[in-house]
Amino acid sequence: MKHKLHLCLITGLLLSRGASFAQGVEATPAPTDANGSRVAGEVETERIIVTGSNIPTANEVGPNPILNITRDIIEKSGERTAAELLRSQPVANANGVPTSNNGNGQNGPPGASSISLRGFDASATLVLLDGRRLAPYPVGTGSLGTQSFIDLNSIPSAAVENIEILKDGASTTYGADAVAGVVNIKLRHDFKGAEISIGYGNTMFGGDDDAAEFTASAIFGIASPNGSSHLSGVLNYFKQEAIFYHDRAYTRSPRFLDGSIETVSGNASPGNFQVSRAAAEAAAGRPITEVAASRNTFFAAPPDLTNGTVPASDYRYGRSNSISLFDFSPFPSVQPESERYGGFLNADHKFFGDQLVAYGDVFYQHVFTRYELAPTPTGFFQQPNHTSIAIPPHAPGPTLGGPSYADTGLTMGAYNPFNPFQQILSGLSRFRLAEFGNRISIDETDATAFTIGLKGDRLFNGTWGYDAAFRYSQIETDSDLKAASRSLFNRVLNASDPIFDLASPQYIGSTVPYNPFGDFRRPIASNQASIDFATIHAKNSHASKVATVDLTTYTTALFNLPAGGVGFALGGQFRRESIRQEFDPYFLAGDVTGYGAATFTHAGRKSFGIYSELNVPLFGSPNAIPGFHALEVVGSARFEQYLNNDTNILVPKVGLRWQPFDDTLTLRATWGKGFREPSLFELFNSPAEFFRRTDDPLTGDTNNETPFLLRSNPKLQPEDSRNFTVGLVCSPKFIPGLTLTADYYDIERKDVVGAPDPNEILLREASGTLLPGEAVERDADGTLLRVIGQFYNRANERARGFDFGLQYQITTPLGTFTSLTQASFLESFIFTDVTSGEQFEARSGVAFVFGDAWLKWKGKSRLEWSWKGFDVVTTVTYLDGYHENPPPDFVAEHWVKQTWTFDLQSSYTFAKSAVGEHTESAASKLNAQSTSPWKRLLSDTTITIGCNNIFDRDPPRAYGINQAGYPDYLYNSVGRFVYFKLTKSF
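Along each chain, residue indices are assigned from 1 in the same order as the chain's sequence is written. In keeping with the model being predicted, local features are shown solely for residues with a pLDDT of at least 70 and side-chain atom pairs are shown and tallied solely at 80 or more, while totals for entire chains, interfaces and linings include all residues. Neither water nor hydrogens contribute to the side-chain values; these are computed over all heavy atoms in the structure.

**Q** Got a sec to walk through the overall build of the protein chain? Specific residues and values, please.
**A** A run of H or I in DSSP becomes a helix once it reaches four residues, and a run of E becomes a strand once it reaches two; helices and strands are each numbered from the N terminus. Of the regular secondary structure elements, the protein chain holds 14 helices and 45 strands. For each residue, the accessible area found with a 1.4 Å probe, counting protein chains only, is set against the maximum for its type, and the residue is called buried under 20%, exposed over 50%, and partly exposed in between. Looking at the protein chain as a whole, 57% of its 986 residues are labelled buried. Residue pairs in contact within the protein chain that sit at least 24 positions apart in sequence constitute 73% of those at least 6 positions apart. Carbon and sulfur atoms make up 60% of the accessible area of the protein chain, which totals about 37,800 Å². Working rule for contacts: check all heavy atoms of both residues, and any pair within 4.5 Å makes them a contact. Accessible surface area values rest on a Shrake-Rupley calculation with a 1.4 Å probe, where residue burial reflects the displayed protein chains alone.

**Q** Give a detailed account of the pairing of strand E43 (residues 899–909), specifying residues and quantitative values.
**A** Paired strands are those between which DSSP finds at least two bridges. The pairing of strand E40 (residues 870–879) with E43 spans 10 bridges and is classified as antiparallel. From the neighbouring strand, Leu879 faces E43, where its bridge partner is Thr899. Where E43 lies against strand E44 (residues 941–948), 6 bridges are found, and the strand directions are antiparallel. By the bridge assignment, Tyr908 is partnered in E44 with Ile943.

**Q** Help me get a handle on the sheet that holds strand E4 (residues 160–166), residues and values and all.
**A** Spatial ordering of the open sheet is given by E1-E4-E5-E2-E3, a layout of 5 strands whose pairing is mixed. Whereas interior strands pair on both sides, the edge strands pair on one side only; in this sheet they are strand E1 (66–69) and strand E3 (132–133). Across 6 bridges, E4 lies against strand E5 (residues 181–187) in antiparallel orientation. Along E5, the bridge assignment pairs Leu166 with Val182.

**Q** Lay out the packing of aromatic side chains in plain terms, naming residues and giving numbers.
**A** In summary, the pairing rule links any two rings of Phe, Tyr or Trp, Trp by its six-membered ring, whose centres are within 6.5 Å, and it sorts them by plane angle into stacked for under 30 degrees, edge-to-face for over 60 and tilted for everything else. By the definition in use, this model includes 35 aromatic pairs. Considering the side-chain rings of Phe583 and Phe587, the 6.1 Å spacing of their centres and the 55° angle between planes classify their relative orientation as tilted. Residues Phe583 and Phe587 agree in their burial class; the two are buried. Centre to centre, the rings of Phe587 and Tyr595 are 5.9 Å apart; their planes meet at 75°, and the pair counts as edge-to-face.

**Q** Account for empty space enclosed by the protein, naming residues and giving values.
**A** Any residue with an atom within 4 Å of a point lines the site, the site being either a cavity, points on a 1 Å grid over the protein atoms alone where a 1.4 Å probe fits but cannot get out, or a pocket, an open set with protein on both sides within 12 Å along at least 5 of 7 lines. Grid points are joined across faces, edges and corners, and a volume is the space filled by probe spheres set on the points. With the rule as written, the count across this model stands at 18 cavities of 30 Å³ or more. Roughly 1,000 Å³ of volume is contained in the largest cavity. Contributing to the lining of the largest cavity are 45 residues, with Glu79, Glu84, Leu970, Tyr971 and Asn972 lying nearest its centre. Elements that contribute at least two residues to the lining of the largest cavity include exactly helix H3 (82–87), strand E8 (229–240), strand E39 (857–867), E40 and E43. The element best represented in the lining of the largest cavity is E43, accounting for 3 residues. Its residues placed into classes, the lining of the largest cavity shows 15 nonpolar, 18 polar and 12 charged. Lining of the second largest cavity is provided by 38 residues; of these, Glu79, Arg80, Ser157, Thr215 and Lys981 occupy positions nearest its centre. Looking at the lining of the second largest cavity, the elements with two or more residues in it are helix H2 (71–76), strand E6 (193–202), strand E7 (213–223), E8 and strand E45 (977–985). The biggest single contributor to the lining of the second largest cavity is E7, with 6 residues. Three classes are used: nonpolar for Ala, Val, Leu, Ile, Met, Phe, Trp, Tyr, Cys and Pro, charged for Asp, Glu, Lys and Arg, and polar for all others, with Gly counted as polar.

**Q** I'd like to hear about the sheet that holds strand E32 (residues 775–778), residue by residue, with values.
**A** With mixed pairing, 4 strands are arranged side by side in an open sheet as E28-E29-E33-E32. Unpaired on one side and paired on the other, strand E28 (688–695) and E32 mark the two borders of the sheet. Each strand axis lies, on average, 30° off the axis of its neighbour in the sheet, ignoring direction. The pairing of E32 with strand E33 (residues 784–790) spans 4 bridges and is antiparallel. Bridge pairing links Val776 to Val787 in E33. The axes used here are C-alpha line fits, helices contributing only the stretch in contact, and every angle between their N-to-C directions lies in the interval 0 to 180 degrees.

**Q** Quick rundown of the confidence of the model for the protein chain? Include the residues and the values.
**A** Each residue gets a pLDDT score, which is the predictor's confidence in that residue and runs from 0 to 100. Residues with a pLDDT of 70 or more make up 89% of the protein chain, whose mean pLDDT is 87. Note that pLDDT drops below 50 for residues 1–45; the model gives that stretch 136 contacts with residues more than four away or on any other chain. Low pLDDT, under 50, characterises residues 914–920; the predicted model gives this stretch 8 contacts beyond four residues in sequence or across chains.

**Q** Any chance you could break down the side chain of His386 for me, citing the residues and the numbers?
**A** Take His386: it is sitting in the loop between strand E17 (357–373) and helix H7 (405–408). A distance of 3.2 Å separates a polar side-chain atom of His386 from the backbone oxygen of Tyr595. In this view, His386 contacts Arg486, Gly590, Tyr595, Gly596, Ala597 and Glu689; residues no more than four positions away in its chain are not counted. Contacts described as polar in this section are N or O atom pairs within 3.5 Å, which, within protein, must combine one atom able to donate a hydrogen with one able to accept it, while residues neighboring in sequence count only if both atoms come from side chains.

**Q** Explain a nonpolar patch on the surface to me, and be specific about the residues and the numbers.
**A** Residues forming no salt bridge and having over 30% relative accessible area are the ones grouped into patches, like charges within 9 Å of each other and nonpolar side chains (Val, Leu, Ile, Met, Phe, Trp, Tyr) within 5 Å. For this analysis, a salt bridge means a side-chain nitrogen from Lys or Arg found within 4 Å of a carboxyl oxygen belonging to Asp or Glu. A contiguous nonpolar surface patch, about 590 Å² in accessible area, is contributed by Ile198, Tyr200, Phe214, Ile943, Ile945, Phe980 and Leu982. The set of elements that each furnish at least two residues to the nonpolar patch consists of E6, E44 and E45. Within the fold, Ile945 resides in strand E44. The exposure class assigned to Ile945 is partly exposed, which follows from its relative accessible area of 41%.

**Q** I'd like to hear about the pattern of salt bridges, residue by residue, with values.
**A** Under the defined criterion, the tally for this structure stands at 50 salt bridges. A salt bridge links Arg749 to Glu719; its shortest N-O distance comes to 2.8 Å. Residue Arg749 is found in strand E31 (residues 738–754), and its partner Glu719 is found in strand E30 (residues 719–730); the two are separated by 30 residues along the sequence. For Arg749, a relative accessible area of 1% puts it in the buried group.

**Q** Report on the nonpolar core, specifying residues and quantitative values.
**A** Nonpolar side chains in soluble globular proteins tend to end up buried together. By nonpolar core is meant a set of buried Ala, Val, Leu, Ile, Met, Phe, Trp, Tyr and Cys residues that side-chain atoms within 4.5 Å join together. Residues Ile69, Leu86, Ile163, Ile165, Val183 and Ile185 are the most contacted members of the largest nonpolar core, which totals 43 residues. Elements with a minimum of two residues in this core: E1, H2, H3, strand E2 (125–129), E4, E5, E31 and strand E35 (815–833). Residues in contact with Val183, not counting those within four places in the same chain, are Leu86, Ile115, Leu117, Thr125, Leu126, Val127, Leu128, Ile163, Glu164 and Ile165. Counting residues in each nonpolar core, the second largest holds 39 residues, with Ile288, Ile391, Ile531 and Val592 among its members.

**Q** Tell me about unusual backbone geometry, and please be specific about residues and values.
**A** Between Ser269 and Pro270 the backbone carries a cis peptide bond, its omega angle lying at 5°. Position of Pro270 among the secondary structure elements: in the loop between strand E10 (264–265) and strand E11 (273–276). A positive phi is found at Asp177, a non-glycine position, where the angle reads about 85°. Note on Asp177: relative accessible area 18%, which makes it buried.

**Q** How would you explain the environment of Gln822 if you had to name every residue and give the values?
**A** Along the chain, Gln822 turns up in strand E35. In sequence terms Gln822 and Lys858 are 36 residues apart; their C-alpha atoms lie 8.5 Å from each other.

**Q** Lay out helix H8 (residues 486–493) with the relevant residues and their values.
**A** For H8, the buried fraction is high: 6 of the 8 residues fall into the buried class. Buried within H8 are the following residues: Arg486, Leu488, Phe489, Asn490, Val492 and Leu493. Turning to H8, the residues buried within the fold contact strand E19 (464–484), helix H9 (528–534), strand E20 (535–555) and helix H10 (585–588).

**Q** Outline the side chain of Ser228, listing residues and values.
**A** Of note, Ser228 is situated in the loop between E7 and E8. Classification of Ser228 by relative accessible area gives buried; the value is 15%. What Ser228 contacts, discounting residues up to four positions off in sequence, is Asp348, His349 and Lys350.

**Q** Describe the environment of Leu785, and please don't skip the residues or the numbers.
**A** Tracing the backbone shows Leu785 in strand E33. Separated by 79 residues in the primary sequence, Leu785 and Thr706 have C-alpha atoms spaced 7.1 Å apart. Residues contacting Leu785, with those up to four places away along its chain left out, are Leu428, Pro707, Glu777, Arg778 and Asp779.

**Q** Hey, could you go over helix H12 (residues 758–767) for me, with residue numbers and the actual values?
**A** Residues of H12 that are buried include every one of Pro758, Ile761, Leu762 and Arg764, and no others. Take H12 and look down its axis: the buried residues cluster within an arc of 160°, on one side only. On its buried face, H12 sits against E28, strand E29 (702–711), E32, E33 and strand E34 (792–812). A distance of 2.7 Å separates the backbone nitrogen of Asn759 from a side-chain oxygen at the start of H12, and that oxygen is part of Asp757. Backbone geometry just downstream of H12 places Gly768 in the positive-phi region, at approximately 70°. Relevant arc is that of directions from the helix axis to the C-beta atoms, nothing else.

**Q** I'd like to hear about the environment of Ser485, residue by residue, with values.
**A** By the secondary structure assignment, Ser485 is in the loop between E19 and H8. The class of Ser485 is buried, set by a relative accessible area of 0%. Along the chain, Ser485 and Ala538 lie 53 residues apart, while their C-alpha atoms are 9.1 Å from each other. Residues contacting Ser485, with those up to four places away along its chain left out, are Ala534, Ile536, Tyr586, Asp591 and Thr593. Of note is the side chain of Ser485, whose polar atom sits 3.0 Å from the side chain of Asp591.

Below is the structure:
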């Protein structure tokens, strides 16, 4: 462990660069006297409100550990989106959702992205915009799609001034969800002048040229002559091309270490059909000896590469419904095609200086995402709450075993001439509609927010202030899914349907029904008309809204102590939030092939909270003594009441900031409690169905796609949490420009809302101990059909670890060198099941289904050289390896390798000409006139060239039962990416 820490810190000192990327590494303010006033002769520092507190301060190294990502860092990070910039930070660990690799919605809605701090899920990280809440995405994240989160793709990086990440709980300041930390994204206010920027990038010089990106932005700001009014705005555009799994050798057909294909499914082409022994033996003309004589029902699969007319005697027979397998890895897109555009406008006007300021802003962002998914799987032909699929018998008339006409809804005259069996094929049969082509999911999101408010500062004795505002935030997403209808598919299977009758007005252009007994690798031409008829575009519409009214008053000198003024804040907040989920009628009827049945969701709630904060300086410059150069204690509390489910909670927090000798060493610590209110999805969502892997203890059967129905629970209670941090900030005088930080954190989250795994429910069924709301559905033979469960407060979680920071800057005749390193070490992440008491150490394992992991070490190190307009930045990123725990019937646990990636960016800024200085002297005017047109054109222009992943390193190999073959929530398939950017300021 220690050698990796030393390596990270040494790398940061020698190989990294930053500007003000500090974990509380900020300038120390000028000292004050006993009345809280500045000491004569010192430069007054503007007091600001730092994330995590409501009391303004000029002392930015406070009790709370804060990571500040400045605009300079954003420009030189090499990241083109705010989502990837945040997800790349060392404090972000498992459970975040990337834009790429989530098209199937397994752990997040397609096209959206989220950040998760410390490895807790996204719902435990509060994301703010300019210090206030936004509406969460109207579809949840997590494996069950119920965890509330803010979509980072709706926030353009061009509009961001800086981002403050509070790496500590802050429920006393912001209320629910601020458990693992707070991400406060501050937009560009008070901009002066204008700036335009365009950029282009692609995967070059590595054999790939398939990930083109185009970016453009325009920023402006104007102020009245007396400075009392200001207006500024940002316009942005982003376009990204898709990458497919078949575009990369390591994702084209991923395999296990033992050589077997891992991305396979029993929803296959050729299909797996459930048949009776009587029908099978009659069609095959022989006894079916491949299956024990005691079984009257088993499965049949046509041979590979069949043309759909192979006799039943050549079929493969067996007990499993996975005789035929389908490798779906080559088909989907790993990175979606995406387009985003929008703008941000803000204004303020001072009526009485700083004492009365009216302000407002409007934010809008449109996000378009197009994902392609593998061809549609049917799932079981017969499923509860679904339209049943049934392939009619070979000829009209009586059948030889199997389901009846009444069971499947078929008329007596129904038949399919390509069915080799005189039996209706339904039940647990399953099939892949590969001839239909890829499913295509198009999501369009509109995020809107506006804020109006009044604020004032330095009232009364110059120490009081206030801020009152109303914010409305809304996010709407409309999706269009190209898939197949189960009911329409039934019609194209039936040769007696009028759609195949030339004389019928419903005629679809073919007299031949759909032949489902072929192999998609040998397309059947007569199937095309049926494919066109059964293809649908299912449209869903979802929305989430939040309206907030808040008022905060504060003072930096409620009364005075020998060390200075006592800070105090008091405020209140009212919030109304709602979600709406409206599904296409095909979804409501359970008629979309490959998807569970859906229902409408309309839910909302109201809450109010009151909060206070106190900052008490015990020692400071006026009364410092040896060992106590400065000492202040901070305390805060919040009461919050939720009206709809009648729950309330009171949480406290205390903090300590101590400088024993001078401002070169600051020790800090916090302890507090927090809470998370269950999401509206978990409380009020209509039942939702998923497909999960099960190992049935009663039958011994294993199925990767068992239907799992999950119900919400309005009786859920708030989750409780406890946070503890302790750390130091050191800026030794004997090494000017060097700052070191180290912080320890311990976060415990109790009564975490979750859903049981279907296998837990199956074990409880076997032991006769099913919990309320749980059920298991089986057919007459005992075969598992569906598992039913509900949410409950079921687990505790605890994370412990360290954050380290190193920043060093030195100016030489050859330029300024700045080094910056941030590293996080996850000592432990433990789950505890509250029902069984069983503990699971997550840090050493991996959520194998989704290619995610809790990494022990994560670090980012930068070195920048600046000289006479030139700027060169080298960035090194380290992601630790981990032990991956595959499913029990796969090969043994193995080590997923750690990775180092190297990025390089260089830029040159042309100096501003005399024209740009707007001077009025005759000499300057003469100089301006003599300046060449090229110099005037290039004045204040920056040209940037960069390359991410210089050595084109592939992601490390991993098992997963995802389609990527690598940890696809930690890595992407982009590879070496070269980009260019041109920025012009006016």
